[in-house]
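Each chain, letter by letter, is given below.
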Amino acid sequence: MKSICVYCGSAKAAHADFHLAGRQMGRILAENGIRLIYGGGKTGVMGAVADGALEAGGEVYGVIVESMNTPALAHTGLTRLEVTATIHERKARMYELAEGYIALPGGFGTFDELFETITWGQIGLHQKPIGLLNTRGYYDLLIQMLDRAVQEGFIFHEHRGMLAIAAEPGELLAQMRRHEHPLEAVERWMRQD
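Okay, so let's go over this structure. (Residues numbered from 1 in each chain as written. Predicted model: local features only at pLDDT ≥ 70, side-chain atom pairs only at ≥ 80, totals over all residues. Heavy atoms only, no water.)

The next point concerns the overall build of the chain. The helix and strand tally for the chain stands at eight helices and seven strands. Over its C-alpha atoms the chain spans a radius of gyration of 16 Å, differing by no more than 12% from the 16 Å that the globule rule assigns to 193 residues. If you line up the chain on its principal axes, its C-alpha atoms span 50 × 35 × 30 Å. Residues classed as buried in the chain amount to 49% of the 193 residues present. In the chain, once contacts between residues fewer than 6 apart in sequence are set aside, the share between residues at least 24 apart is 71%. As presented, the chain carries roughly 9,400 Å² of accessible surface, and 54% of it is formed by carbon and sulfur atoms. Taking the 18 positively charged and 23 negatively charged side chains of the chain as two groups, their mean positions are separated by 4 Å. (Helix = DSSP H or I, 4+ residues; strand = E, 2+ residues; numbered from the N terminus. Rg over C-alpha atoms; globule rule 2.2 N^0.38 Å. Buried < 20%, exposed > 50% of the residue type's maximum accessible area, 1.4 Å probe, protein only. Contact = heavy atoms within 4.5 Å. Areas by Shrake-Rupley, 256 points an atom, 1.4 Å probe, with all protein chains shown as cover. Lys, Arg positive; Asp, Glu negative; His and termini not counted. Charge placed at Lys NZ, Arg CZ, Asp CG, Glu CD.)

This is the structure in structure tokens:
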């Protein structure tokens, strides 16, 4: 993987551990020669990821929607910042630039981006690895819900397995490097066998 898109929250009030995990994730990506693709912001975990990558000498590409491209929100020290007219164009551009995806703690936007990316993998639109950084157990209840969906027959076990999960950035990246897309499950799901 030469580039990874990181989805995460931009809220300033989040716990300091989330900001630290974001900075560590950015640093580890840079140290591994992986370009960071992200939402272009300077606040919250989003800003921490970008700062961590930049401090370690990494490339950081931000993609920000025009309405958020303001001095209060946009990061000005990036390798490259693209501005899109709509949020849909922003998500499509980040998806296009990335060879893998990671969700750090965040809110509605992060959830939306994560699940859209998983869904696209489920139906075979991509075979890229997807990771979830579970800092401070933030995603524990979500992971339980995914497992419940498997138990109830709404998600194939193989599709649930597409999501690498770890509490530490280095371990998450290692899992993602071992990713094997469940092609047979994609075909089976599309046939609904």
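Take unusual backbone geometry next. One non-glycine residue, arginine 136, adopts positive backbone phi at about 55°. Looking at the element boundaries, arginine 136 is found in the loop between β6 (130–133) and α5 (140–151). You can call arginine 136 exposed: its relative accessible area is 51%.

All right, on to the side chain of glutamate 82 then. Note on placement: glutamate 82 falls in strand β4 (residues 80–84). For glutamate 82, a relative accessible area of 18% gives the class buried. Here the side chain of glutamate 82 touches arginine 93 through a polar contact of 2.8 Å, side chain to side chain. Those residues in contact with glutamate 82, other than ones at most four positions away along the chain, are Gly62, Val63, Ile64, Arg93 and Leu97. (Polar contact = N/O pair within 3.5 Å; in protein donor to acceptor, adjacent residues only side chain to side chain.)

This next bit is on the sheet that holds strand β5 (residues 101–103). Spatially, the seven strands line up as an open sheet ordered β4-β3-β2-β1-β5-β6-β7, and their pairing is parallel. Both outer strands of the open sheet, β4 and β7 (163–166), are each paired with one neighbouring strand and no more. With strand direction ignored, the average angle separating the axes of adjacent strands in the sheet is 20°. In this sheet, β6 lies alongside β5 in parallel orientation, the contact comprising three bridges. Each bridged residue has a counterpart across the sheet, and for alanine 103 the counterpart in β6 is leucine 132. (Pairing = 2+ DSSP bridges. Axes fitted to C-alpha atoms, helices over the stretch in contact; angles between N-to-C directions.)

This part is about empty space enclosed by the protein. Inspection of every chain in the model, using the stated rule, returns one cavity of 30 Å³ or more. Put simply, the largest cavity is a space of about 40 Å³. Residue lining of the largest cavity: Tyr7, Lys91, Met94, Tyr95, Glu113, Glu116, Thr117 and Trp120, and that is the complete set. Take the lining of the largest cavity: its biggest share by element is four residues, from helix α4 (residues 108–122). In the lining of the largest cavity, the residues fall into four nonpolar, one polar and three charged. (1 Å grid on protein atoms, 1.4 Å probe; cavity = no way out; pocket = protein on both sides within 12 Å on 5 of 7 lines; lining within 4 Å. Points joined across faces, edges and corners; volume = space filled by probe spheres on them. Nonpolar A, V, L, I, M, F, W, Y, C, P; charged D, E, K, R; others polar.)

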